[in-house]
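A look at the structure
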Amino acid sequence: MAKPYKITESTAEEANEPVVAYKTTQQSTQGMANDIPEGYMSLDTFGEIFHRKLDECYANIQSNCKQ
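Bear in mind that the values here come from a model prediction, so they are computed numbers and not experimental data.

1. Structural notes on the overall build of the protein chain
- Of the regular secondary structure elements, the protein chain holds three helices and zero strands.
- Tracing the protein chain from N to C terminus, the helices and strands come up as α-α-α.
- Residue burial in the protein chain is summarised as follows: out of 67 residues, 0% are buried.

What follows is the structure, given as structure tokens:
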């Protein structure tokens with residue numbers, strides 16, 4: 001018995017995406033001293049300030065609850 005339909009499978013075409021030139025680690029660290037934005041803060045410094053302020057807020061919450 002013949003099938004009343006045909007299945008045609010087409011292959012997907014390859015994507016034509018633009019080629020991006022990525023910097024290597026050595027190239028990106030050479031210009032890093034000049035690329036630091038004004039007001040930059042390291043992650044460690046930010047963490048210290050954040051946790052200090054967070055501790056102060058918790059202390060205020062606890063003191064407000066005792067009243």
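There's more to say after this.
2. Notes on a nonpolar patch on the surface
- A contiguous nonpolar surface patch, about 720 Å² in accessible area, is contributed by Met41, Leu43, Phe46, Phe50, Leu54, Tyr58 and Ile61.
- Residue position: Ile61 is located in helix α3 (residues 43-66).
- For Ile61, a relative accessible area of 48% puts it in the partly exposed group.

3. Examining the packing of aromatic side chains
- Under the counting rule described, the total for this entry stands at one aromatic pair.
- Between the aromatic rings of Phe46 and Phe50, the centroid separation amounts to 6.0 Å while the plane-to-plane angle is 20°, which identifies the pairing as stacked. Note that Phe46 and Phe50 are positioned in helix α3 at a spacing of four residues, about one turn of the helix.
- Judged by its relative accessible area of 46%, Phe46 is partly exposed.

Parameters and conventions
- Residues numbered from 1 in each chain as written.
- Predicted model: local features only at pLDDT ≥ 70, side-chain atom pairs only at ≥ 80, totals over all residues.
- Heavy atoms only, no water.
- Helix = DSSP H or I, 4+ residues; strand = E, 2+ residues; numbered from the N terminus.
- Buried < 20%, exposed > 50% of the residue type's maximum accessible area, 1.4 Å probe, protein only.
- Patch = residues over 30% accessible without salt bridge, like charges linked within 9 Å, V, L, I, M, F, W, Y side chains within 5 Å.
- Areas by Shrake-Rupley, 256 points an atom, 1.4 Å probe, with all protein chains shown as cover.
- Salt bridge = Lys/Arg side-chain N within 4 Å of Asp/Glu carboxyl O.
- Phe/Tyr/Trp six-rings, centres within 6.5 Å; stacked < 30°, edge-to-face > 60°.

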